[in-house]
Amino acid sequence: MIYLQYVANGILLGGIYASIAAGLSLVWGVLNIVNLMHGILIVAGAYVAFFAYQMLGIHPFLSVIPAGILVGLCAYALQMVVINRVVAQSILVTLTLTFGLDLIVNNGMLLAFTADYRRVVLQNPLGVANVLGIIVPLDRAAATVLALVLTVALWLLLKTTRIGRAIIAVRFDRDAASLMGINVAQIYGITFAIGAALAAAAGSLISVVFPFSPLTEYSFLFKAFIICILGGVGSIPGAALGGFVLGLIESLGTAAFGPEHALTVSFGVLIAFLLLRPQGLLGRAGFE
Amino acid sequence: MTALPATATRAAAVAFGFAILAAIAIGGDNYVLRLATTAAMYCALAYAWNFIGGFAGYPLFGIAAFFGLGAYGGALAQTNAVPLPLPWLAGFALAFVFALLLGVVILRLRGHAFAIITLVIAEVLSEITNSWTTLTGGGSGINIPFPHLGTHGIALLFFAAMAANALLALLVTALVNRSRIGFALHCLRQNEHAASSVGVDTAHYKNLAFALSAGFAGSTGAIYASWIGYIGPTDVFDILLSIKPIVMVMIGGVATIFGPLFGALAFLALDELVWRNFLEAHSGVLGFIIVLLILFLPRGIAAFDWRARLKARFA
């Protein structure tokens, strides 16, 4: 019975994990850049939600929209002004650039908000439900459902809208897309903004679930990365599936080995997975 | 082999420069010695990174994993009364073997996936060190006893060790560059598929390059542990330790013999300036410098054509 509880806990994490990975996966797939700022963007979204709740009493679930817009706009500017200059260069160059930017933002946040761990403590929590002996914290369940909605919204945006089709076209063949009249630099800016907005929106949801500080950025980045590899890079359904897989791995792994080994357990699974299925759950072979 | 005389002249110039710097360091006070030891450490790390990151073209973003592994290996050997310099060799061996085993799995990845997984490995090792308190002391770290040589004697000893380590890394780099291994790595950096289809055993050579990178990072970590006298998981697995060697090699020139040396020295100058002037914001300022370097000198200072620029300006 206790195992059902662990499975439920894992599923409750899964939606949130899906949303933190979807943005990273999108940017990785389209721009061929792993954005090392992804973790700090999540933390930024969490701070927006935290201060909006503390100062204005806005529920963190509502902060998803302003946090997404705010961080998305900053990210758009960053991509257009800075990152687009080196976007076609080697991995070493793009990774080092996003790492340098990450250092700046991280240091700025440490100075502005200190390294203290924070978390939104709701004054009127939804409480817990008891489903057949399994305890479900309702705020966490709501956060995970909302996160999943965001992930599905991204998927629909890519599938159905003009801008989404343009993003996919650039992903498949940048030169051909450019010949079809798509402004590739603009699409890069928009894609990066969407990825960042999703990260910040996920961060707002996370502010209710996990403690956060500028120091937790790498833990979020690494989770997102592991999910991308598990699910297959660039695939949004893959990110969703990978999110639930990682949620279950962490929940069961924590039960078996203790919370201090969470990353080690996930990493062990990742290594085993790379040996058995290097293209990811829903990915195609041969990605870089 | 027409390039040989130029390389030889350069090597002589570098050796001469080294000798002068070493003489200044040995004659200097403890601050100068500390700076010189740091310079040697940065050089060694830059050379270590250059094997897999430069010659093989695999973007290693987690050299701190091997630095930390070597530091802990060396520190544990030393606290168990293994005499110097054996703990330093142990640091090399431990990281070398660990990378050989790890390489079998993760060198199947390329590009971003390889880069980030190495970043994750450093974090995983830090997590394991933190929780394995019976062996590593956990978060409170390990204190390493200093040899009984007096303050200045100790400073001299560790400078000599770091400098020898860096020199060894340079020599191995030069040897690798001139041998079959260097040629194979050069091919595999250009096009791995093509290299393996003409019969280059790419898996073998990139594993070797990865292990060499890890080994030298490990020996550097072990010497660092004895030098500083205290290590903890947050400082030896620090993500900044992974990024600094990359920036150094990028400044000096990727996959070159002397690039890492100049890059490390240039970076140390920047690093000292930043630390002195911006204690609170040093990582942000460092980030700013990294961004500027990438935007304006993406191929390094070595590739910047000063003469052409000057001619264009004054012609």
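Residues numbered from 1 in each chain as written. Chains lettered and ligands numbered in written order. Predicted model: local features only at pLDDT ≥ 70, side-chain atom pairs only at ≥ 80, totals over all residues. Heavy atoms only, no water.

Caption draft 1: Just the pattern of salt bridges, in detail. All names here are of chain B. Under the definition given, this model contains five salt bridges over all chains. E192 is paired through a salt bridge with K206; the nearest N and O atoms lie 2.6 Å apart. Here K206 lies in helix α10 (residues 202–228) and E192 lies in helix α9 (residues 192–197), a separation of 14 residues in the sequence. Given a relative accessible area of 13%, E192 falls into the buried group. Salt bridges linked by common partners bring R34, E272 and R276 together as one network. (Salt bridge = Lys/Arg side-chain N within 4 Å of Asp/Glu carboxyl O. Helix = DSSP H or I, 4+ residues; strand = E, 2+ residues; numbered from the N terminus. Buried < 20%, exposed > 50% of the residue type's maximum accessible area, 1.4 Å probe, protein only.)

Caption draft 2: Region of interest: a nonpolar patch on the surface. A cluster of nonpolar side chains, contributed by I2(A), Y3(A), V7(A), I11(A) and L252(A), occupies part of the molecular surface with about 460 Å² of accessible area. In terms of residue count, helix α1 (residues 2–31) of chain A provides more of the nonpolar patch than any other element does, four residues in total. (Patch = residues over 30% accessible without salt bridge, like charges linked within 9 Å, V, L, I, M, F, W, Y side chains within 5 Å. Areas by Shrake-Rupley, 256 points an atom, 1.4 Å probe, with all protein chains shown as cover.)

Caption draft 3: Quick peek at the interface of chain B and chain A. Each side of the interface is counted separately: chain B has 42 residues, and chain A has 39 residues. Contact between chain B and chain A buries roughly 3,600 Å² in total, counting both sides, with carbon and sulfur atoms accounting for 81%. It is H112(B), I116(B) and E127(B) in chain B that bury the most area against chain A; as a group they hold 18% of the surface buried on that side. The tally of links between chain B and chain A comes to zero salt bridges. Where chain B meets chain A, there are seven residue pairs in polar contact (both at pLDDT 80 or more). Listing elements by their share of the side of chain B that touches chain A, those giving two or more residues are α4 (86–106), α5 (111–131), α12 (239–252) and α14 (282–296) of chain B. The leading source of residues in the side of chain B that touches chain A is α5(B), at 14 residues. Tallied by class, residues from the side of chain B that touches chain A come to 29 nonpolar, seven polar and six charged. (Contact = heavy atoms within 4.5 Å. Buried area = accessible area lost by both parts, 1.4 Å probe. Polar contact = N/O pair within 3.5 Å; in protein donor to acceptor, adjacent residues only side chain to side chain. Nonpolar A, V, L, I, M, F, W, Y, C, P; charged D, E, K, R; others polar.)

Caption draft 4: Local environment of unusual backbone geometry. The omega torsion across L84(B) and P85(B) is 0°, close enough to zero to call that bond cis. One can find P85(B) in the loop between α3 (63–79) and α4. For T114(A), which is not glycine, the phi torsion reads 60° and is therefore positive.

Caption draft 5: The pairing of strand β2 (residues 134–137) of chain A, seen in detail. Residue and element names in this part refer to chain A. Burial along β2 is one-sided: the residues I134 and V136 are buried and none of I135 and P137 is. With four bridges connecting them, strand β1 (residues 128–131) and β2 associate as antiparallel partners. Pairing of V128 across the sheet is with P137, part of β2. Here β1 hands over to β2 after two residues, with L132 in that stretch at a positive phi of 50°. (Pairing = 2+ DSSP bridges.)

Caption draft 6: Region of interest: the packing of aromatic side chains. Residue and element names in this part refer to chain A. Within the structure shown, the criterion is met by 22 aromatic pairs over all chains. Note on Y47 and F212: the rings are 5.1 Å apart at their centroids and 85° apart in plane angle, and the pair reads as edge-to-face. Placement of the pair is Y47 in helix α2 (residues 38–56) and F212 in the loop between α8 (184–209) and α9 (217–231), with a sequence separation of 165 residues. We note that Y47, like F212, is buried. With a centroid separation of 5.3 Å and an interplanar angle of 40°, the aromatic rings of F51 and F113 are classed as tilted. Here the residue F51 occupies a position in helix α2, and F113 occupies one in helix α4 (residues 91–113), the gap between them amounting to 62 residues. Through pairs of rings, three or more aromatic residues link up here, namely Y47, F50, F51, F113 and F212. One residue, R171, lies across the ring of F172, its end atom 5.9 Å from the ring centre. (Phe/Tyr/Trp six-rings, centres within 6.5 Å; stacked < 30°, edge-to-face > 60°. Lys NZ or Arg CZ within 6 Å of the ring centre and 35° of its normal.)

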